[in-house]
Amino acid sequence: MTEKIGIVGAGIVGLAVARELAAARGAEVTVLEKEERVGVHQTGHNSGVVHAGIYYQPGSLKARLCREGVALLKEYCAAHGLPYDEVGKLVVASTRAERPQLRALAERARANGVPGIAELDALGLREIEPHAVGVAAVHSPHTAVCDFPAVARRLAQDVAELGGSVHLSHPVRAIRERAGRVEVLAGRRGFAFDRLVVCAGLGTDAVARMAGAPGEVRIVPFKGEFYALQGAARNLVRGLIYPVPDPRYPFLGVHLTRQIGGEVLVGPNAVLALAYEAYDGRGFRDAGRILGWPGTLRMARTHWRTGIRETYGSLVKGAFVRGARRYVPELTAADLVRAPGGVRAQAVARDGRLVDDFVVDVQGRVVLVRNAPSPAATSSLAIARHIAGIVPALVR
Ligand SMILES: Cc1cc2nc3c(=O)[nH]c(=O)nc-3n(C[C@H](O)[C@H](O)[C@H](O)COP(=O)(O)OP(=O)(O)OC[C@H]3O[C@@H](n4cnc5c(N)ncnc54)[C@H](O)[C@@H]3O)c2cc1C
């Protein structure tokens, strides 16, 4: 008997899971996606960085699946002629006070097995990035950039070639488990599966509720806004220039990232949003749900200073520019133009903690990816293997 597995969400994670289950288990997979194209949400609105594994708590899922994911993604891009460029990353300390944190980051990167990590002084960092300034830096030469939407499109093609199907414009509206099957209403069609895997990003909570599994964490959307460098200012950045991150947050701070096409992005900030797909500015559509979760207010009480600073940076271009000039002082306000932003699906616990690690729950026949923020695009092929390992196979 062939296993029938449904996947909710055609972002890079859902598509990678679909491909893995079809290839490794011979399952018949059906991906249900509400949009007209694949990779429209987080997969299509990010920094495009293939993270090397510097930041993550050793032993965490993020640390392990990021390292495994990098290797798989590099191989996948090479096999399919997709762009992948090891432009390298500098994490720059701009004050002496940041040095201990930078040193700790270098140690963590080595503990995670990140290759080629080097600690540089002010002169050394300028050999890598001649227009950057700082008192010290950590260099990760193999950190790369790639085109995640192109990877997602290729994964969808693989799914089709393996006999699976991707149904676009099929929003999942209802789920129920009955007689050993998971019945799903998507658009106007009914489906019946042996297993269902939910990789719905910003839609996770809504789908989890349909499955009768509201869970102990909730997705809180954080907008990530970008500017792009225009004209000759692009030549001021060779690869990726990052600040030393604040260890209290899973976000990495506004950075400068050279993209596959040569564009250089500045961003993203991290601003609490009150709508799950808040691309068009400042929607309040989902305010009730987001503010109704006790964790949101507890988080806001603890982090209100950071919240005000990030909101100010969102409203006042000058604050954003100052952030970038801290690392590349030659930049001027005229060099930065607004670029499309993204919205992160970040899980927040009831006690207000920003959940740091990836979270996958199994509930009966439904597997729910509860938290897959950065570096989940980097890690997607490894997350897929991890999920294939925990989705119980049918007894034959
Ligand atoms: C600003 C920003 C910068 C980032 N930078 C990086 C980076 O440099 N490197 C990195 O590795 N990661 C980065 N990330 C994180 C990365 O983009 C995400 O971790 C990754 O894309 C998650 O993929 P996904 O498939 O889980 O989610 P998504 O791509 O959001 O896909 C979820 C899909 O589910 C669909 N869906 C939702 N509800 C339903 C429903 N009811 N029915 C059917 N379909 C539904 C949605 O339409 C969507 O297509 C960044 C994210 C952001 C926002």
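Reading the values: the criteria
Residues numbered from 1 in each chain as written. Predicted model: local features only at pLDDT ≥ 70, side-chain atom pairs only at ≥ 80, totals over all residues. Heavy atoms only, no water. Helix = DSSP H or I, 4+ residues; strand = E, 2+ residues; numbered from the N terminus. Contact = heavy atoms within 4.5 Å. Near = heavy atom within 4 Å. Polar contact = N/O pair within 3.5 Å; in protein donor to acceptor, adjacent residues only side chain to side chain. Areas by Shrake-Rupley, 256 points an atom, 1.4 Å probe, with all protein chains shown as cover. Nonpolar A, V, L, I, M, F, W, Y, C, P; charged D, E, K, R; others polar. Core = buried A, V, L, I, M, F, W, Y, C linked by side-chain atoms within 4.5 Å. Buried < 20%, exposed > 50% of the residue type's maximum accessible area, 1.4 Å probe, protein only. 1 Å grid on protein atoms, 1.4 Å probe; cavity = no way out; pocket = protein on both sides within 12 Å on 5 of 7 lines; lining within 4 Å. Points joined across faces, edges and corners; volume = space filled by probe spheres on them. Axes fitted to C-alpha atoms, helices over the stretch in contact; angles between N-to-C directions. Left-handed = near helix turned anticlockwise from the far one by under 90°. Pairing = 2+ DSSP bridges.

(A) Seen up close, unusual backbone geometry. A cis amide bond links Gly 267 to the next residue, Pro 268, at an omega of -10°. Mapped onto the elements, Pro 268 comes out in the loop between strand S17 (264-267) and strand S18 (271-272). Looking along the chain, the bond that leaves Ser 374 and enters Pro 375 is cis, with omega of 10°. With respect to the secondary-structure elements, Pro 375 resides in the loop between strand S21 (366-371) and helix H11 (376-390).

(B) Local environment of the environment of Pro 294. When you line up the elements, Pro 294 lands in helix H8 (residues 294-302). Spatially, the C-alpha atoms of Pro 294 and Ala 349 are 8.6 Å apart, while their sequence positions differ by 55 residues.

(C) Up close: the environment of Val 264. Mapped onto the elements, Val 264 comes out in strand S17. Placed 30 residues apart in sequence, Val 264 and Arg 234 show a C-alpha to C-alpha distance of 6.0 Å. Not counting the four nearest positions on each side in its chain, Val 264 is found in contact with Tyr 227, Ala 228, Leu 229, Arg 234, Val 237, Thr 257 and Arg 258.

(D) Representation of the site of the ligand in the model. Every one of the 38 residues lining the ligand counts as a neighbour, but Glu 33, Thr 43, Val 49, Ala 372 and Thr 378 are closest to it. Between the ligand and the protein, one listed contact pairs an oxygen atom with a side-chain N or O atom of Thr 43 at 2.5 Å. For the ligand, the accessible surface in isolation is 1000 Å², of which the surrounding protein chains cover 97%. Among the secondary structure elements, those contributing two or more residues to the shell around the ligand are helix H1 (12-25), strand S19 (336-349) and H11. With 3 residues, H11 is the largest single contributor of residues to the shell around the ligand. In the shell around the ligand, the residues fall into 19 nonpolar, 15 polar and 4 charged.

(E) The arrangement of the nonpolar core in detail. Of all hydrophobic cores here, the largest spans 70 residues; its most connected members are Ile 7, Val 17, Leu 73, Val 151 and Val 197. Ranked by residue count, the leading element in this core is helix H2 (residues 61-80), at 9 residues. The residues contacting Leu 73, other than those within four sequence positions of it, are Val 50, Tyr 84, Cys 146, Phe 148, Val 151, Thr 378 and Leu 381. Ranked by size, the runner-up nonpolar core spans 22 residues in total, among them Ala 132, Ile 241, Tyr 327 and Leu 331.

(F) Region of interest: empty space enclosed by the protein. Counting across every chain of the model gives 1 cavity of 30 Å³ or more. Looking at the largest cavity, its volume works out to about 40 Å³. Leu 65, Phe 358, Val 359, Val 360, Val 369, Asn 371, Ala 372, Ile 383 and His 386 together form the lining of the largest cavity. Those elements that provide at least two residues to the lining of the largest cavity are strand S20 (359-363), S21 and H11. Per-class residue counts for the lining of the largest cavity are 7 nonpolar, 2 polar and no charged.

(G) Broad picture of the packing of H1 against H11. Direction vectors running N to C along H1 and H11 enclose 40°, while the axes themselves pass 8 Å from each other. In the packing of H1 onto H11, the handedness of the crossing is right-handed. Each of Ile 12, Val 13, Ala 16, Val 17, Arg 19, Glu 20, Leu 21 and Arg 25 in H1 lies in contact with H11, whose residues at this interface are Ala 376, Ala 377, Ser 380, Leu 381, Ile 383, Ala 384, Arg 385, Ile 387 and Ala 388. Class assignment of the residues belonging to the contact of H1 with H11 gives a composition of 12 nonpolar, 1 polar and 4 charged.

(H) How the structure looks around the sheet that holds strand S1 (residues 4-8). On the basis of which strands lie adjacent, the open sheet formed by 6 strands has the order S9-S2-S1-S13-S21-S20 and mixed pairing. With one partner strand each, in any of the chains shown, strand S9 (165-167) and S20 form the two edges of the open sheet. In this sheet, neighbouring strand axes are inclined to one another by 20° on average, regardless of whether the strands run parallel or antiparallel. Bridge count for S20 against S21 is 5 bridges, and the pairing is antiparallel. Counted as the bridge partner of Asp 361 is Leu 368 from S21. Contacting S1, strand S2 (28-32), S9 and strand S13 (195-198), H1 runs over the sheet at an angle of about 165° to S1.

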